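Given next are the chains, with one letter for each unit.
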Amino acid sequence: MIILPAIDILGGECVRLYKGEYGTARKVASDPYETVRFFEECGARYIHTVDLDGARRGEKTNADLFISLAKKVNVPIELGGGIRDMATVDFYLKNGISRVILGSAALKDKDFCKAAVDRYGERIAVGIDAKDGYVSTSGWLETSDVNYVDFAREMEKVGVRNIIFTDISKDGTLAGPNLEMLSKLKDAVNIDITASGGVKDIGDIEALMKLGLYGAIAGRSIYDGTLDLKSAIAITGE
């Protein structure tokens with residue numbers, strides 16, 4: 001299992017949200033460039049980034065910043081938020097982003113999602129953000145009537161090989177990941193699964209490793225100091 005340290009950008013700054021609520025945005029780092037370099041120095045094999053402005057507006061908003069971040073380190077970067085058409089997918093993947101994450105677009109336009117997967121394969125991931133078991137969209141501002149497991153099965157059918165699952169009620173809380181939901185997801189599909197939301201400490205990392213997941217995203221726990229990134233990477237053996 002790999003550890004993906006996270007950077008969420010809102011208004012050009014590194015922030016963390018509490019349960020996905022934009023009004024709770026808290027600045028957690030002064031310089032995104034120093035932050036990605038720190039992640040690289042700690043041995044991160046992948047960095048997870050989110051354009052929160054883009055997720056809310058449905059368009060790429062901080063694109064120049066993310067492209068610039070990707071050029072500052074030798075660690076691959078994945079990016080989600082506001083990626084709703086093939087032109088945006090092409091732009092990011094041709095300008096240094098290693099993997100893009102489709103969220104709202106994957107739910108609302110499966111033909112687009114399939115076309116992106118057909119063109120780029122494993123460089124396309126799908127983010128499944130769930131509230132009370134149902135998929136949320138538009139920067140978590142809207143909740144659908146689609147169950148998260150059913151949606152994962154649909155994504156597997158169109159060829160998606162990587163799912164990033166977030167239980168919104170856990171995100172930014174340091175309350176531990178939703179192991180039950182993750183376990184159900186792991187049993188339902190044969191896809192790489194990355195856990196996001198709630199990770200607090202090494203104990204949570206060990207619990208996620210036991211599920212046999214592909215990866216775990218850590219954000220607030222790193223910034224608040226409850227998780228030592230180097231130690232977390234060391235115990236995963238990745």
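Each remark here, short or long, concerns the structure printed above.
Cut-offs applied
Residues numbered from 1 in each chain as written. Predicted model: local features only at pLDDT ≥ 70, side-chain atom pairs only at ≥ 80, totals over all residues. Heavy atoms only, no water. Helix = DSSP H or I, 4+ residues; strand = E, 2+ residues; numbered from the N terminus. Rg over C-alpha atoms; globule rule 2.2 N^0.38 Å. Buried < 20%, exposed > 50% of the residue type's maximum accessible area, 1.4 Å probe, protein only. Contact = heavy atoms within 4.5 Å. Areas by Shrake-Rupley, 256 points an atom, 1.4 Å probe, with all protein chains shown as cover. Lys, Arg positive; Asp, Glu negative; His and termini not counted. Charge placed at Lys NZ, Arg CZ, Asp CG, Glu CD. Salt bridge = Lys/Arg side-chain N within 4 Å of Asp/Glu carboxyl O. Phe/Tyr/Trp six-rings, centres within 6.5 Å; stacked < 30°, edge-to-face > 60°. Lys NZ or Arg CZ within 6 Å of the ring centre and 35° of its normal. Core = buried A, V, L, I, M, F, W, Y, C linked by side-chain atoms within 4.5 Å.

Undergrad: Where do I start with the overall build of the protein in this structure?
TA: Secondary structure summary: the protein contains 11 helices and 12 strands in total. Here the C-alpha atoms of the protein give a radius of gyration of 16 Å, agreeing with the 18 Å that 2.2 N^0.38 yields for 238 residues. Projected onto its principal axes, the C-alpha positions of the protein cover 40 × 40 × 35 Å. Looking at the protein residue by residue over its 238 residues, the buried ones come to 55%. Within the protein, contacts between residues separated by at least 24 positions form 68% of all contacts whose residues are at least 6 apart in sequence. Put simply, the protein shows about 9,900 Å² of open surface, and 42% of that area lies on carbon and sulfur atoms. Of the side-chain charges in the protein, 30 are positive and 36 negative, and the distance between the mean point of each set is 1 Å.

Undergrad: Just checking my understanding: could you explain unusual backbone geometry for this structure?
TA: What is expected of a backbone is that most residues other than glycine have negative phi and most peptide bonds are trans. In this structure, D132 is a non-glycine residue whose phi angle is positive, near 55 degrees. The class of D132 is exposed, set by a relative accessible area of 69%. Here the phi dihedral of L174 falls at roughly 60 degrees; this positive angle occurs in a residue that is not glycine. Here L174 lies in the loop between β10 (162-167) and α8 (179-188).

Undergrad: Would you take a moment to explain the pattern of salt bridges for this structure?
TA: Two side chains of opposite charge can pair, provided their charged atoms sit close to one another. If you walk through the whole model with that rule in mind, you get 10 salt bridges. Among the ionic pairs, E78 bridges to R99, the shortest N-O distance being 2.9 Å. Highlighted residues: E78 in strand β5 (residues 77-80) and R99 in strand β6 (residues 99-102), separated in sequence by 21 residues. We note that E78, like R99, is buried. For R119, the salt bridge is made with D90, and the minimal N-O distance between the two is 3.0 Å. One end of the pair, R119, is in helix α6 (residues 110-120); the other, D90, is in helix α4 (residues 86-93), and 29 residues separate them in sequence. Salt bridges sharing common partners tie together R26, R220 and D224.

Undergrad: Can you help me understand the packing of aromatic side chains in this one?
TA: Between two aromatic rings, the relevant description is the distance of the centres plus the angle of the planes. All chains considered together, the criterion is met by 4 aromatic pairs. Arranged with centres 5.1 Å apart and planes meeting at 35 degrees, the rings of Y148 and F165 form a pair that is tilted. Residue Y148 is found in helix α7 (residues 148-157), and its partner F165 is found in strand β10; the two are separated by 17 residues along the sequence. Each member of the pair, Y148 as well as F165, carries the same accessibility label: buried. Following the ring pairs from residue to residue traces out a cluster consisting of F38, F39 and Y223. Over the face of the ring belonging to F91 we find K60, whose NZ or CZ atom lies 5.0 Å from the ring centre.

Undergrad: How should the nonpolar core be read in this particular structure?
TA: Note on soluble globular proteins: their nonpolar side chains tend to be buried together. V89, I97, L102, C113, I124, I128 and Y148 are the most contacted members of the largest nonpolar core, which has 70 residues in total. Those residues within four positions of Y148 in sequence are excluded, and the remaining contacts are I128, A130, G133, V135, F165, M181, K184 and L185. Of all hydrophobic cores here, the second largest spans 8 residues; its members include I2, Y46, I101 and I217.

Undergrad: Quick question: what am I supposed to make of the environment of A218 here?
TA: With respect to the helices and strands, the residue A218 is situated in strand β12 (residues 215-218). Put simply, A218 and G172 are 46 residues apart on the chain and 9.5 Å apart in space, counted from C-alpha to C-alpha. The contact partners of A218, leaving out residues within four places of it in the chain, are L4, P5, A6, V199 and L227.

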